[in-house]
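# Notes for the structure review
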Amino acid sequence: MADITISNLVKTYPGGTERATDDVSLHIADGSFTVLLGPSGCGKTTLLRMLAGLELPDSGAVSIGGRDVTYLPPNKRNISMVFQSYAVFPHRSVRYNIGFGLQMAKVPKEQIDKKVQWAADLLQLTPYLDRLPAKLSGGQRQRVAVARAIVVDADVLLMDEPLSNLDALLRLNFRSELKKIVQDLGTTTVYVTHDQSEALSLGDQVAVMRKGRIAQLGDPLDVYDAPSDRFVGGFIGSPPMNFVDAAVTPDGELVVGDQRLMAPSLLRSFGNHNIVLGVRAENVSVAKDRESGYIAATVLVVEPMGSTILLTVDVEGQTLKVQAPPSFRTAPHQTIWLGFSPNTMRFYDRETSMALEAN
Ligand SMILES: Nc1ncnc2c1ncn2[C@@H]1O[C@H](COP(=O)(O)OP(=O)(O)O)[C@@H](O)[C@H]1O
Ligand SMILES: [Mg+2]
């Protein structure tokens, strides 16, 4: 096992005008699970492929377990990889597919058999060992790809959107299984996804990427709770974080349109500024009648979600999503009241979109 240090990786593809990764630095602790999360085209796969040795950077370095591997070929890095298009050999048995890497490494046959059996048990593939992948479901084929990756004793496990070809339910089930398997293995894992819920559920740390750069690195709850900029807040969470244009008066009061909100005291340092208030749907309290410190909103859409009701509301010409308890009865055009608790409010600069720090 090994930690990974990524230092200032820059990569531009031939003919590309933008950098696919733009000065990315990141430390991945030994045995940890790190997720690279971001929209399509932000450079996740490129970064992973540079860890694997399938792409070379223009500049910067990668070290695994303290060894500089930047220019080493993939087979000299002791890594194992699972791809999105789980390239299994369709005309070879599941057993052959799982053992393939070991066979290439010229591991003795009885050891291969043992490891294949171990991985097949772990991934519930034992009944299918002699079948052809063509006769398996998508989920089972994906398990074969994971089994093949974990039988080789790699220092690092790299996975690129390994669940994206599965349907929603299978994805959810396999996600927690995968988490358990990787936890038990204890192998340093780097996992790429564009799915924010997957990233939050799997990662010890999440690196949110945008345009070839890391926008925020943190543990999942921190990244969710305190996005470092509006991009991260808008990308993570379902619904995304609400952003509301607000103003801070010279004496530190927070106002949205004509209405005044209870604000944390740190706002005094931003006196006389236009800012953006960030707040998650579940952190807004809703009331049918006016309450002290609450502000008025008009209901636009009511969506029962089962365990909660998602409301789309208008506050002073701005649209917000808020969560109400399932017992909350309301309808479009009604006025309701919203309460914001100061400790769940986040504040962003109107121009730069970066989180504001109290000074
Ligand atoms: N083989 C390639 N040749 C040229 N450009 C590429 C190649 N692979 C990726 N890119 C470009 O590099 C950027 C990052 O791509 P990629 O790493 O695949 O992003 P992601 O995995 O986050 O979707 C994108 O602009 C993409 O178009
Ligand atoms: Mg990709």
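Residues numbered from 1 in each chain as written. Chains lettered and ligands numbered in written order. Predicted model: local features only at pLDDT ≥ 70, side-chain atom pairs only at ≥ 80, totals over all residues. Heavy atoms only, no water.

The full set of residues close to ligand 1 is Tyr13, Ala20, Pro39, Ser40, Gly41, Cys42, Gly43, Lys44, Thr45 and Thr46. Between Cys42 and ligand 1, the recorded distance is 3.2 Å, taken from a backbone N or O atom to an oxygen atom. One nitrogen or oxygen atom from the side chain of Thr45 is found 2.8 Å from an oxygen atom belonging to ligand 1. Across the complex, the protein chains shield 55% of the 560 Å² of accessible surface that ligand 1 would expose by itself. Among the residues forming the shell around ligand 1, the class breakdown is four nonpolar, five polar and one charged. (Near = heavy atom within 4 Å. Polar contact = N/O pair within 3.5 Å; in protein donor to acceptor, adjacent residues only side chain to side chain. Areas by Shrake-Rupley, 256 points an atom, 1.4 Å probe, with all protein chains shown as cover. Nonpolar A, V, L, I, M, F, W, Y, C, P; charged D, E, K, R; others polar.)

Looking now at the pattern of salt bridges. All chains considered together, the criterion is met by 14 salt bridges. Close ionic contact of Arg260 with Glu253 constitutes a salt bridge, the shortest N to O distance being 3.4 Å. Among the charged side chains, a network of salt bridges with common partners joins Lys11, Arg49 and Glu55. (Salt bridge = Lys/Arg side-chain N within 4 Å of Asp/Glu carboxyl O.)

This next bit is on the domain arrangement of the protein chain. When the parts come together, some accessible area is lost, and that loss is often what is quoted as the size of the interface. Splitting the protein chain by domain gives domain 1 (4-235) and domain 2 (242-349). A separation of 39 Å is found between the C-alpha centroids of domain 1 and domain 2. Every contact between the two is made by nine residues of domain 1 and, on the other side, six residues of domain 2. Three residues, Tyr224, Asp225 and Arg230, lead the burial of domain 1 against domain 2; their summed loss comes to 68% of the area buried on that side. Among the salt bridges present, the one from Arg346 reaches Asp225, with a minimum N-O distance of 3.1 Å. When residues of the side of domain 1 that touches domain 2 are traced back to their parent elements, those giving at least two are helix H7 (220-225) and helix H8 (230-235). At three residues, the largest contribution of residues to the side of domain 1 that touches domain 2 is made by H8. Of the residues in the side of domain 1 that touches domain 2, the class split is three nonpolar, three polar and three charged. (Domains from an automatic or database assignment. Contact = heavy atoms within 4.5 Å. Buried area = accessible area lost by both parts, 1.4 Å probe. Helix = DSSP H or I, 4+ residues; strand = E, 2+ residues; numbered from the N terminus.)

Read across the sheet, five strands follow the order E15-E19-E16-E17-E18 without closing on themselves; strand pairing throughout is antiparallel. Only two strands of the sheet have a single partner each, and these edge strands are strand E15 (284-287) and strand E18 (318-324). Ignoring strand direction, the axes of neighbouring strands in this sheet form an average angle of 45 degrees. In the sheet, strand E16 (residues 295-304) pairs with strand E19 (residues 335-340) via four bridges, with the strands oriented antiparallel. Each residue of the ladder has a partner; that of Thr298, found in E19, is Thr335. (Pairing = 2+ DSSP bridges. Axes fitted to C-alpha atoms, helices over the stretch in contact; angles between N-to-C directions.)

Relative to the helices and strands, Thr189 is located in strand E8 (residues 188-193). A distance of 2.9 Å separates a polar atom in the side chain of Thr189 from the backbone oxygen of Thr187. When near neighbours in sequence (up to four residues on either side) are disregarded, Thr189 contacts Ser32, Phe33, Thr34, Leu157, Met159 and Val182.

Further remarks concern helix H2 (residues 94-104). Those residues of H2 that fall on the buried side of the exposure criterion are Val94, Asn97, Ile98, Gly99 and Leu102. Summarising the contacts, the buried residues of H2 are in contact with helix H3 (109-122) and helix H4 (138-151). Looking one or two residues beyond H2, the residue adopting positive phi is Lys106, at roughly 60 degrees. (Buried < 20%, exposed > 50% of the residue type's maximum accessible area, 1.4 Å probe, protein only.)

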